[in-house]
Amino acid sequence: MTLTQAEKAAVVTIWAKVATQADAIGAESLERLFSSYPQTKTYFPHFDLSQGSAQLRAHGSKVMNAIGEAVKNIDDIRGTLAKLSELHAYILRVDPVNFRLLSHCILCSVAARYPSDFTPEAHAAWDKFLSSVSSVLTEKYR
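Structure report, in brief. No experiment lies behind these values; they were computed from the predicted model shown.

Reading the values: the criteria
Residues numbered from 1 in each chain as written. Predicted model: local features only at pLDDT ≥ 70, side-chain atom pairs only at ≥ 80, totals over all residues. Heavy atoms only, no water. Helix = DSSP H or I, 4+ residues; strand = E, 2+ residues; numbered from the N terminus. Rg over C-alpha atoms; globule rule 2.2 N^0.38 Å. Buried < 20%, exposed > 50% of the residue type's maximum accessible area, 1.4 Å probe, protein only. Contact = heavy atoms within 4.5 Å. Lys, Arg positive; Asp, Glu negative; His and termini not counted. Charge placed at Lys NZ, Arg CZ, Asp CG, Glu CD. Expected span 1.5 Å × (residues − 1). Phe/Tyr/Trp six-rings, centres within 6.5 Å; stacked < 30°, edge-to-face > 60°. Axes fitted to C-alpha atoms, helices over the stretch in contact; angles between N-to-C directions. Left-handed = near helix turned anticlockwise from the far one by under 90°. Nonpolar A, V, L, I, M, F, W, Y, C, P; charged D, E, K, R; others polar.

## As for the overall build of the chain
- Helix and strand counts for the chain stand at six helices and zero strands.
- Each helix (α) and strand (β) of the chain, taken in turn from the N terminus, gives the series α-α-α-α-α-α.
- Relative to the 2.2 N^0.38 estimate, which gives 14 Å for 142 residues, the radius of gyration of the chain is 14 Å and therefore close to what a compact globule would have.
- A total of 142 residues make up the chain; the buried ones form 43% of that total.
- Considering only contacts within the chain whose residues lie at least 6 apart along the sequence, 77% involve residues at least 24 apart.
- Taken together, the 15 basic and 14 acidic charged side chains of the chain have centroids lying 4 Å from each other.

Structure (structure tokens):
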């Protein structure tokens, strides 16, 4: 799934705002994931999944750091996330559908925080970008 130059620009523009609150958005996105899709909690039996927990914030930060790396390397998302894809496929064995679920939760969190910036065009660009990220993260499952 190739992003157009306009879509890349929209992703980068929104990311500039998101980056300033990435840790909070990451934690919020995980909270949305676990409350909307409780079956995803099974991958975190050792985590304190209560709202605002240190473990939730730390993992949210990791997630958003990976998204940030994908934004920085938007023309090579596959190469940028290859090790993360291997980790989730071969070691953690996360169900691939969970990447799409988390992408949706990130999209909701970003849209809720930046409603005036999150135009229909920005929404479509971010949806396509996060779909690309999800696709890359599930490649090793095939």
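## Some remarks on helix α6 (residues 120-138)
- Helix length check: α6, at 19 residues, gives a terminal C-alpha distance of 27 Å against a target of 27 Å (1.5 Å per residue), a fit within 8%.
- Taken together, the buried positions of α6 are Ala 122, Ala 125, Trp 126, Phe 129, Leu 130, Ser 132, Val 133, Ser 134, Val 136, Leu 137 and Thr 138.

## Some points on the packing of aromatic side chains
- Evaluated as defined, the whole model comprises three aromatic pairs.
- Ring plane angle 70 degrees and centroid distance 5.3 Å describe the contact between Phe 34 and Phe 44, whose orientation is recorded as edge-to-face. With Phe 34 in helix α2 (residues 22-36) and Phe 44 in the loop between α2 and α3 (54-72), this pair connects stretches of sequence that are ten residues apart. Comparing Phe 34 with Phe 44 shows no difference in burial state: the two are buried.
- The interplanar angle of 75 degrees and the centroid separation of 5.5 Å between the aromatic rings of Trp 126 and Phe 129 together place this pair among those described as edge-to-face. Taken together, the residues Trp 126 and Phe 129, both in helix α6 and three residues apart, mark about one turn of the helix. Each member of the pair, Trp 126 together with Phe 129, is buried.
- Each member of the aromatic cluster is reached from another via a ring pair, and the members are Phe 34, Phe 44 and Phe 47.

## What to know about the packing of helix α1 (residues 5-18) against α3
- The N-to-C vectors of α1 and α3 enclose an angle of 145 degrees; their axes lie 10 Å apart at closest approach. Both α1 and α3 take part in a crossing whose hand is left-handed. Within the contact between the two elements, α1 uses Val 11, Val 12, Trp 15 and Val 18 and α3 uses Met 64, Ile 67, Gly 68 and Val 71.
- Tallied by class, residues from the contact of α1 with α3 come to seven nonpolar, one polar and no charged.

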